[in-house]
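# Examining the three-dimensional arrangement
Each chain, written out:
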Amino acid sequence: MKRIIAKRTLREFWTKHHDSEQYLKTWFDTVKKSNWKTPNDVKKSYINASILKNSRIVFNIKGNTYRLIVKFNFERQWAFIRFIGTHSEYDKIDANNI
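Here goes a summary of the coordinates provided. For clarity, every value in this text was computed on a predicted model and none was experimentally measured.

## Concerning the pairing of strand 3 (residues 56-61)
A regular strand places its side chains so that they alternate between the two faces of the sheet. The buried count for strand 3 comes to five of six residues, which makes it a mostly enclosed element. In the sheet, strand 2 (residues 50-51) pairs with strand 3 via two bridges, with the strands oriented antiparallel. Residue pairing in the sheet places Ile-51 in a bridge with Ile-57 of strand 3. Counting the residues between successive antiparallel strands, the hairpin from strand 2 to strand 3 contains four residues, one of them, Asn-54, with a positive phi of roughly 60 degrees. Pairing analysis gives six bridges linking strand 3 to strand 4 (residues 66-73), with the strands arranged antiparallel. When the bridges of strand 4 are listed, Ile-57 appears paired with Val-70. In textbook terms, the turn of a hairpin is the stretch between consecutive antiparallel strands, and for strand 3 and strand 4 this stretch comprises four residues, one of which, Lys-62, has a positive phi near 55 degrees.

The structure is reproduced here in structure tokens:
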């Protein structure tokens with residue numbers, strides 16, 4: 001991905017949830033180096049990722065302690081961070097429309 005939009009969101013999250021920092025940094029580095037063209041390419045790297053509608057993919061962070069929702073534009077190679085939170089916070093949102 002050429003661009004990951006809202007890394008600041010990740011930084012703010014790991015400041016509050018220190019145990020997520022290394023996991024989110026690893027996720028960020030992996031995505032930054034990727035050249036994914038389709039959601040199935042993402043699944044090859046992240047088997048447990050869930051593909052949603054509206055170009056969104058949910059990633060389980062730190063053994064599913066946290067959830068990360070990212071909207072992808074594969075053509076432009078952009079990733080937009082839409083949500084990061086605990087599993088219980090995730091359960092309260094509409095992941096397809098956030």
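## A closer look at the side chain of Ser-34
One can find Ser-34 in the loop between helix 2 (21-33) and helix 3 (39-45). With a relative accessible area of 12%, Ser-34 lands in the buried category. The contacts of Ser-34, once residues within four sequence positions are left out, are Met-1 and Gln-77.

## Description of the pattern of salt bridges
Taken as a whole and judged by the stated rule, the model has four salt bridges. Where Asp-19 meets Lys-62, a salt bridge forms, and the shortest distance between an N and an O atom there is 3.1 Å. Separated by 43 residues along the polypeptide, Asp-19 in the loop between helix 1 (7-16) and helix 2 and Lys-62 in the loop between strand 3 and strand 4 bring together distant segments of the chain. Exposure remark for Asp-19: the relative accessible area of 34% places this residue in the partly exposed category. We note a salt bridge from Lys-25 to Glu-21, for which the minimum N-O separation is 2.7 Å. Of this pair, Lys-25 and Glu-21 both sit in helix 2, four residues apart, roughly one helical turn. We classify Lys-25 as partly exposed; its relative accessible area is 32%. Note on Glu-21: relative accessible area 26%, which makes it partly exposed.

## Describing the packing of helix 1 against helix 2
It is at 9 Å that the axes of helix 1 and helix 2 come closest, and there the two elements cross at 165 degrees. By the angle class used here, helix 1 and helix 2 are roughly antiparallel. Relative to helix 2, helix 1 is oriented so that their crossing is left-handed. Listed contacts from helix 2 to Lys-7, Leu-10, Phe-13 and Trp-14 of helix 1 are Glu-21, Leu-24, Lys-25, Trp-27 and Phe-28. Partitioning the contact of helix 1 with helix 2 into residue classes produces six nonpolar, no polar and three charged.

Rules used throughout
- Residues numbered from 1 in each chain as written.
- Predicted model: local features only at pLDDT ≥ 70, side-chain atom pairs only at ≥ 80, totals over all residues.
- Heavy atoms only, no water.
- Buried < 20%, exposed > 50% of the residue type's maximum accessible area, 1.4 Å probe, protein only.
- Helix = DSSP H or I, 4+ residues; strand = E, 2+ residues; numbered from the N terminus.
- Pairing = 2+ DSSP bridges.
- Contact = heavy atoms within 4.5 Å.
- Salt bridge = Lys/Arg side-chain N within 4 Å of Asp/Glu carboxyl O.
- Axes fitted to C-alpha atoms, helices over the stretch in contact; angles between N-to-C directions.
- Parallel < 35°, antiparallel > 145°, perpendicular 65-115°, else oblique.
- Left-handed = near helix turned anticlockwise from the far one by under 90°.
- Nonpolar A, V, L, I, M, F, W, Y, C, P; charged D, E, K, R; others polar.

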